[in-house]
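In case you want the letters, here they are:
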Amino acid sequence: MDTPQQHEDVISPPPPPQAKWWVDGQRIRHKGFWFKPEFITATEAIRAHYTPLPSDIILASFPKTGTTWLKALTSSILRHSSTIHNNHDHMDNLNPHELVPFLEIELFGETPSKDITKITSPRVFNTHLPLSFLPDTLKTSGSKVIYITRHPADTFVSLWHLYNNKFGTEISIQEAFDDFCKGLVPAGPYFDHVLEFWEARDQDRVLFVTYEDLKGKPEENVKRIADFLGCETMVEKVVEECSFENLRNASKERGEGVHWSGTKYDMFFRKGVVGDWKNHLTQEMMKELEDIADMKWSGSGLDLNIFNNSASQ
Ligand code: A3P
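As the structure is a prediction and not an experimental result, all values here were calculated from the model.

1. A look at the nonpolar core
Then comes step 1: Ranked by internal contacts, the top residues of the largest apolar core, which has 60 residues, are Tyr50, Leu103, Phe156, Leu281, Leu289 and Trp297.
Then comes step 2: Setting aside its immediate chain neighbours within four residues, leucine 289 contacts Pro152, Ala153, Phe177, Phe180, Cys181, Phe191, Leu281 and Leu304.
Then comes step 3: Formed by 34 residues, the second largest nonpolar core is a distinct cluster that contains Trp69, Met91, Phe228 and Cys231.

2. So, the site of the ligand
Then comes step 1: Taken together, 18 residues are adjacent to the ligand, and Thr67, Thr68, Ser158, Tyr211 and Arg270 come closest.
Then comes step 2: Within the side chain of serine 158, an N or O atom sits 2.6 Å from an oxygen atom of the ligand.
Then comes step 3: A distance of 2.7 Å is found between an oxygen atom of the ligand and a backbone nitrogen or oxygen belonging to lysine 271.
Then comes step 4: Across the complex, the protein chains shield 98% of the 570 Å² of accessible surface that the ligand would expose by itself.
Then comes step 5: Breaking the shell around the ligand down by element, the ones donating at least two residues are helix 3 (67-79) and helix 13 (244-254).
Then comes step 6: At 3 residues, helix 3 tops the list of elements feeding residues into the shell around the ligand.
Then comes step 7: Taken together, the residues that form the shell around the ligand break down as 7 nonpolar, 7 polar and 4 charged.

3. Examining the packing of aromatic side chains
Then comes step 1: As enumerated under the stated definition, the model contains 20 aromatic pairs in all.
Then comes step 2: Taking 5.6 Å as the distance between ring centres and 45° as the angle between the ring planes, the aromatic pair formed by phenylalanine 35 and phenylalanine 133 counts as tilted. Placement of the pair is phenylalanine 35 in strand 3 (residues 33-35) and phenylalanine 133 in the loop between strand 5 (124-127) and helix 6 (138-141), with a sequence separation of 98 residues.
Then comes step 3: What makes phenylalanine 133 buried here is its relative accessible area of 0%.

Thresholds applied
Residues numbered from 1 in each chain as written. Predicted model: local features only at pLDDT ≥ 70, side-chain atom pairs only at ≥ 80, totals over all residues. Heavy atoms only, no water. Core = buried A, V, L, I, M, F, W, Y, C linked by side-chain atoms within 4.5 Å. Buried < 20%, exposed > 50% of the residue type's maximum accessible area, 1.4 Å probe, protein only. Contact = heavy atoms within 4.5 Å. Near = heavy atom within 4 Å. Polar contact = N/O pair within 3.5 Å; in protein donor to acceptor, adjacent residues only side chain to side chain. Areas by Shrake-Rupley, 256 points an atom, 1.4 Å probe, with all protein chains shown as cover. Helix = DSSP H or I, 4+ residues; strand = E, 2+ residues; numbered from the N terminus. Nonpolar A, V, L, I, M, F, W, Y, C, P; charged D, E, K, R; others polar. Phe/Tyr/Trp six-rings, centres within 6.5 Å; stacked < 30°, edge-to-face > 60°.

Following this line, the structure appears as structure tokens:
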């Protein structure tokens with residue numbers, strides 16, 4: 001007769017595919033996306049224990065697409081709102097990452113560093129999880145999701161720089177690029193991540209914004225975000241307060257600390273421009289990204305032209 005252990009081995013699903021990514025260790029593929037194992041555990045905790053409130057605001061993003069900027073903008077929009085009352089801390093004292101906690105690790109990780117029950121409304125959270133990983137109740141809760149995305153070439157270049165700086169690695173850009181194209185990066189594949197939020201845009205309270213639109217027409221897009229949140233705010237002040245220079249200088253002046261991921265806060269501010277890929281990628285690499293976009297986004301109405309809008313350096 002089988003022992004319980006042997007029996008379990010027979011009925012258990014095969015272990016998830018695993019892979020080692022450039023620099024910082026193991027990744028597991030879960031429902032088509034690559035994450036560190038602790039993210040998968042946290043996803044389960046979120047689905048089981050996070051009850052979205054109608055006033056919740058979720059800032060969703062793929063890493064390196066403008067997360068820090070969106071956190072700053074949303075905090076500043078609320079701070080200068082004449083219609084939504086909140087008594088949150090603000091950027092005079094804190095880094096945007098300290099103002100907006102990360103759902104999957106800081107709130108629902110194995111050892112949460114923050115207590116969700118102590119956060120006052122409107123609660124603003126950030127996540128790198130794909131939409132399909134978030135609780136189904138999000139759709140009916142009335143809470144709002146803002147998704148920021150960015151051209152894959154600049155996203156990749158930003159990611160490559162960050163990991164080289166953070167870990168002092170010397171991985172070749174070609175090797176790193178091949179992993180990015182395969183999807184083997186945190187929260188990857190990039191193209192699938194973007195597609196999920198694209199398909200939900202303008203429904204289920206999902207606002208889709210691009211880094212390039214924010215750079216090209218900051219006032220117009222800050223107003224769009226504020227309108228989506230249902231609040232009137234001081235648009236010019238928000239744009240100024242959250243400019244790359246202001247955020248980077250404030251971060252330097254505070255000489256502050258380290259994000260939960262181990263990234264020093266000042267590493268979130270590198271160049272802050274559109275089109276830096278031209279300094280790093282070949283035309284062949286760009287062609288490869290275009291081909292993947294054509295294949296993965298085919299029939300969705302999404303293509304790389306959405307990133308061409310009014311972007312300036
Ligand atoms: P670069 O590496 O291309 O400079 P994330 O916050 O998702 O990690 O993204 C980081 C990227 O956003 C970095 O891009 C960073 O410089 C840029 N960034 C941060 N704050 C910004 C701001 N206020 N305005 C424009 N870009 C900003």
